[in-house]
Amino acid sequence: MPTNFTVVPVEDDSSNNGASAAAASAASAAAEESKPVSFDNIFQEAKSVDSIQELHPGDESQRETTPFLISDDDGQISYDGKNMALFEEEMDSTPMVASLLNKLANYTNLTQGVREHEEAEDGNRRAPVVVQSLVRPELYNSPTLSLNILGVILFLRLTWIVGAAGILGSFAIVSMCCICTLLTAISMSAIATNGVVPAGGSYYMISRSLGPEFGGAVGLCFYLGTTFAGSLYILGTIEILLIYIVPTATVFKDNTEDAKNNNMRVYGTCCLLLMALVVFVGVKYVNKLALVFLSCVILSIMATYAGAIKTLIEPPEFSVCLLGNRSLKNEMFEKCAKVEIIKNRTVPTKLWDIFCDSHYPNATCDEYFTLNNLTEIQAIPGLLSGVIKENLWSNYGPARQVIEKQNQPSVPAPTPKTDKEQNYVFSDIATFFTLLVGIYFPSVTGIMAGSNRSGDLRDAQRSIPVGTILAILTSSFIYISFVVLFGACIEGVVLRDKFGESIKRTPVIGVLAWPSPWVIVIGSFFSCCGAGLQSLTGAPRLLQAIARDGIIPFLQVFGHGKANGEPTWALLLTVGICEIGILIASLDDVAPILSMFFLMCYLFVNLACAVQTLLCTPNWRPRFKFYHWTLSFLGMSLSLSLMFICSWYYALVAVVIAGCIYKYIEYRGAVKEWGDGIRGLSLNAARFALIHLEEAPLHTKNWRPQLLVLCKLDSDLAVKHPRLLSFTSQLKAGKGLTIVCSVLEGTYMTHKEDAKTGEQNLKKAMTAEKMKGFSHVVVSSSLRDGFSIMIQSAGLGGMKHNAVLMAWPAGWKQAQDSSARKNFIETVRETTSAHQALLVAKNIDRFPDNQERLKEGTIDVWWIVHDGGLLMLLPFLLMQHKVWRKCRMRIFTVAQMDDNSIQMKKDLETFLYHLRLDAVVEVVEMHDSDISAFTYEKTLMMEQRSQMLKQMQLSRTEREREV
């Protein structure tokens, strides 16, 4: 619609004094000299035009005399010091252009009025919380890279993954995960630079792009993933502590799997409480500790590269003892031999004592020990040893399988296994490709760590894309290079030794590092600690952002926190959920769980970017330009594939959890209008469907009554006949198009508020009757013109009504005013002229409502043949509803005394059979004096219908099939 703009000068008030007043007057003088056209002349002309247009007597509308909110009482229009304010309350706060500039400087991509609407819902105005910018943009890459990406998997599991999957398999695993993460980072960068990203990061991106339902579901799944990531890092910390640093500090001393898990649970719980205390004290301490952890991680990585280079000169002095082709635990012995010569005497070694029942040469030994020789090989042969050929291919195996060296001679023992078997190195779990993908993927989930803490970033739009993509590229290079170096330097049996039992309980990557394995032990320990702290820092903020949005009612308590904004209650819940992961007590079992949640989040981040790009919405203007919808679609497909590759049952559980949260938010959550992409997608789909419907003519098979319900409103603007809406819902059952409209007499300028109120009342009545459709109230000079406009123009494109439903005018015979019956007659004529069906409900207030159940009864149809079968279709539709389900349909037709009524009944029954309707047919014979000429003439058309049925070329077999 056209809009008239009036441009006025914005100047300071003349009452201002001091330097500002002088500057304002100088600027005003300069403006007077420079402007080519006098604004005063324009305004005087506008005033003279307004004075000519006087109000007519009896006109209720008021004409504007000034474009501003406040006009002078004396009739003189003064524009000095006026503000270009759209809302009156802006006049009292910050007048002049400074208000506009201030809002532009503090821009947010929240839609206009959202914050004010949320404050009105809360009942109080939110006090602004000033949060100091703790993370510099240039340092965004460092914590993400070191703590969340280069963490527990790199130092504790990557060597084992290379040993099991081989160099090629590991390269495929790393490549898939890194490509998926890179594509997601590109999509996330586009979303993050399309406006300001407040605290909540990834949740905020998804919810504002795909709507509150998707945002809440994926946000909670991502919160669970981040929380379980904290469990993963804490379990990694305790594994390093109890296996490599202080192995004697175990609470449960038994050398069993249950004792090991119980030790992990006890120490993991203590570590969780300690980390939660650090996070509770303040996030600034986490950021300060991150720099310390970063130094340790960088030192560990440099030590690993230095150790790999050193193998070209001198390999490390670490050896592995093999019995036959089996790898032995070397914690209990120093010399890899059965006997040794001391002072010209042959003395049994400690290995002899381990596998034999006595220290003497004639002792009874384990049969495999007797049949096979001991061999000592280098654990780190080096880059030039050619071990890369042996480690090129995969070596998967079942659980509790002895780790054996390929191409090593061995004599199998025919006797059953004994207790001596515990001296070999076993694989603790079964290994296969999909399992390794699920265990490795958490190592690339750190890209979201910074987005979770986007509220603490000084410039999130610049920090998130640069830091995230640099972190992914750097970590991808490190992981791929480490895969090649591990396969080229380390012996295969050592790579498959997850806990380094064959090399005196030393981390396998630590054996390669230079100058000491303790560099890796300390670096990995601090890396896991830092990653756990970051997870416990990011997860509560994510939950707090979801709770403060109010889309999930039962989470609102977690939106509160300390005075400085720290999420205290959310931290307590995070600690509780994190404890569940610690009670699992297995790093390998927790990793696939959080992989599912992260992959689901990545999937929807890519979906959000693809939808926004394809819709080409005007608001989609990312500063990050290196994105495309095909990349987002590829990332989405890869994320979905990786979910089911890792674990199909975990993937189904994650999808079910997200689906349940989605439905809960849809039915119980708060209504939020964020201008999401799903709504834009629905609008595009609706537009396409409407255009497609209009292009093709409607076929008879697709015909159904599309109703325009003419509803009356009483003096209180309430629905006068609510049973009319009940009857409509029973007739439609939620299918097809239903438009409920009403007309108010008058002008729109004076009755626009009444029209809005009436439309809201119509919607409430439709909701009460569980009726799906559209409502509209039109203000017109007369009821007749209003209903005529609705009959002509209601609907859009192919979605237009084909039938009009209205109530029979009550008391029209006794009414002195003839306007009611005239309006009814004119509405009938308008409907007939529009070639639409007309349904008139008489005594509508006596019709059953939706709560009644008719146990018996009949629906009688006095059939006029030329209606095309509509009268028989309406009872059928009514009987589909539970109110009318137990009723029967009877069809009456009229015949003269000399007509063959029996043949007419048979022909009508045949017609109903072909229409697939069950009804009782009755032929009523009447005298000529009792039947009108019009009715008799139309009834005779039934003979034409009978002839048409006879002309249908149906064979006898086809007729029997129909029967």
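Worth saying up front: this structure is predicted, and the values here are computed from it rather than measured. (Residues numbered from 1 in each chain as written. Predicted model: local features only at pLDDT ≥ 70, side-chain atom pairs only at ≥ 80, totals over all residues. Heavy atoms only, no water.)

Draft legend 1. How the structure looks around the sheet that holds strand S11 (residues 858-862). Pairing within the open sheet is parallel, and its three strands lie in the order S11-S12-S13. Sheet topology places S11 and strand S13 (920-926) at the edges, where each strand pairs with a single neighbour. With strand direction ignored, the average angle separating the axes of adjacent strands in the sheet is 30°. (Pairing = 2+ DSSP bridges. Helix = DSSP H or I, 4+ residues; strand = E, 2+ residues; numbered from the N terminus. Axes fitted to C-alpha atoms, helices over the stretch in contact; angles between N-to-C directions.)

Draft legend 2. View of the layout of surface pockets. As a volume, the second largest pocket reaches approximately 1,100 Å³. Taken together, 36 residues make up the lining of the second largest pocket; nearest its centre are Asn255, Lys329, Glu331, Glu501 and Arg505. Secondary structure elements with two or more residues in the lining of the second largest pocket: helix H10 (212-245), helix H11 (257-281) and helix H13 (350-355). Ranked by residues supplied to the lining of the second largest pocket, first place goes to H11 with four residues. For the lining of the second largest pocket, a count of residues per class yields 15 nonpolar, seven polar and 14 charged. (1 Å grid on protein atoms, 1.4 Å probe; cavity = no way out; pocket = protein on both sides within 12 Å on 5 of 7 lines; lining within 4 Å. Points joined across faces, edges and corners; volume = space filled by probe spheres on them. Nonpolar A, V, L, I, M, F, W, Y, C, P; charged D, E, K, R; others polar.)

Draft legend 3. Spatial organisation of the pairing of strand S6 (residues 707-710). Along S6, one buried face is formed by Leu707 and Val709 and the opposite face, lined by Leu708 and Leu710, is buried too. Here S6 runs beside strand S7 (residues 738-745); their pairing, made up of four bridges, is parallel. Paired with Leu708 across the strands is Ile739, a residue of S7. The pairing of S6 with strand S9 (residues 803-807) spans four bridges and is parallel. Following the sheet pairing, Leu707 is matched in S9 by Ala803. (Buried < 20%, exposed > 50% of the residue type's maximum accessible area, 1.4 Å probe, protein only.)

Draft legend 4. Layout of a nonpolar patch on the surface. Taken together, the side chains of Leu274, Leu277, Phe280, Val281 and Tyr285 present a nonpolar region at the surface, about 480 Å² in accessible area. Here the element with the most residues in the nonpolar patch is H11; it accounts for four residues. Position of Leu274 among the secondary structure elements: in helix H11. (Patch = residues over 30% accessible without salt bridge, like charges linked within 9 Å, V, L, I, M, F, W, Y side chains within 5 Å. Areas by Shrake-Rupley, 256 points an atom, 1.4 Å probe, with all protein chains shown as cover. Salt bridge = Lys/Arg side-chain N within 4 Å of Asp/Glu carboxyl O.)

Draft legend 5. Summary view of the side chain of Asn194. Inspection of the secondary structure puts Asn194 in the loop between helix H8 (158-192) and helix H9 (202-210). Overall, Asn194 belongs to the buried group, its relative accessible area being 13%.

Draft legend 6. Just a positive patch on the surface, in detail. Residues Lys770, Arg853, Lys882 and Arg885 make up a contiguous surface patch of positive charge. Relative to the assigned elements, Arg853 resides in the loop between strand S10 (837-841) and S11. Overall, Arg853 belongs to the partly exposed group, its relative accessible area being 41%. (Lys, Arg positive; Asp, Glu negative; His and termini not counted. Charge placed at Lys NZ, Arg CZ, Asp CG, Glu CD.)

Draft legend 7. The pairing of strand S4 (residues 345-348), seen in detail. The pairing of strand S3 (residues 339-342) with S4 spans four bridges and is antiparallel. Looking at the pairing, Ile341 lines up with Thr346 of S4.

Draft legend 8. Broad picture of the state of the cysteines. Applying the stated criterion across every chain yields a total of two disulfides. Across the disulfide, Cys321 is cross-linked to Cys336 (sulfur-sulfur distance 1.9 Å). Taking the sign of the S-S torsion, about 75° here, the bridge from Cys321 to Cys336 comes out right-handed. Here Cys336 lies in the loop between strand S2 (326-327) and S3 and Cys321 lies in strand S1 (residues 319-323), a separation of 15 residues in the sequence. Residue classification places Cys321 among the buried positions, given a relative accessible area of 4%. Paired by a disulfide, Cys356 and Cys365 hold their sulfur atoms 1.7 Å apart. Measuring handedness by torsion sign, the sulfur bridge of Cys356 and Cys365 sits at about 100° and is right-handed. (Disulfide = S-S within 2.5 Å.)

Draft legend 9. Here's a closer look at the pattern of salt bridges. Under the definition given, this model contains 17 salt bridges. Linking Asp849 and Arg723 is a salt bridge whose minimum nitrogen-to-oxygen distance equals 3.9 Å. In this pair, Asp849 is assigned in the loop between S10 and S11 and Arg723 in helix H26 (residues 722-732), connecting sequence segments 126 residues apart. The exposure class of Asp849 is buried, given its relative accessible area of 18%.

Draft legend 10. Spatial organisation of unusual backbone geometry. Of the consecutive residues Trp514 and Pro515, the connecting peptide bond is found in the cis state with omega at 15°. Positive phi, normally seen in glycine, also occurs at Asn407, with a value near 60°. With respect to the helices and strands, the residue Asn407 is situated in the loop between strand S5 (374-378) and helix H15 (433-440). Located in the positive-phi region is Ala585, a residue other than glycine, with phi close to 65°. For Ala585, the location among the structural elements is in the loop between helix H21 (568-584) and helix H22 (587-615). Among the residues examined, Ala585 registers a relative accessible area of 5% and is labelled buried.

Draft legend 11. Quick peek at the packing of H10 against H22. Where H10 contacts H22, the axes come no closer than 8 Å and their chain directions differ by 150°. Taken together, the axis directions place H10 and H22 in an arrangement best described as roughly antiparallel. Remark: the crossing between H10 and H22 carries left-handed chirality. (Parallel < 35°, antiparallel > 145°, perpendicular 65-115°, else oblique. Left-handed = near helix turned anticlockwise from the far one by under 90°.)

Draft legend 12. Highlighting the environment of Cys489. Structurally, Cys489 can be placed in helix H17 (residues 460-489). Each C-alpha atom of the pair Cys489 and Leu383 lies 4.9 Å from the other, and the pair is 106 residues apart in sequence.

Draft legend 13. Representation of the packing of aromatic side chains. Applying the stated rule across the entire model yields 22 aromatic pairs. Look at Phe222 and Phe598: their rings are 5.3 Å apart centre to centre, the planes differ by 80°, and that puts the pair in the edge-to-face class. Placement of Phe222 in helix H10 and of Phe598 in helix H22 is noted, with a sequence separation of 376 residues between them. Plain terms: the ring middles of Trp352 and Phe369 are 6.2 Å apart, the flat faces sit at 75° to each other, and that makes the pair edge-to-face. (Phe/Tyr/Trp six-rings, centres within 6.5 Å; stacked < 30°, edge-to-face > 60°.)

Draft legend 14. Broad picture of the sheet that holds S1. Reading across the sheet, the three strands line up as S2-S1-S5 and stay open at both edges, with antiparallel pairing between neighbours. Every interior strand has two partners, whereas the edge strands, S2 and S5, have only one.

Draft legend 15. Representation of helix H31 (residues 901-914) in the model. In this model, H31 (14 residues) spans 20 Å end to end at C-alpha, consistent with the 20 Å of a helix rising 1.5 Å per residue. For H31, the set of buried residues is Ser901, Met904, Asp907, Leu908, Phe911 and Leu912. The buried residues of H31 occupy one face: seen down the axis, they fall within an arc of 140°. Directly after H31, the chain includes Arg916, whose backbone phi takes a positive value near 60°. (Expected span 1.5 Å × (residues − 1). Arc of directions from axis to C-beta.)

Draft legend 16. Main features of H10. Between its first and last C-alpha atoms H10 spans 47 Å; for 34 residues at 1.5 Å apiece the expected length is 50 Å, and the two agree. Burial analysis of H10 places 30 of its 34 residues in the buried class, the great majority of the element.

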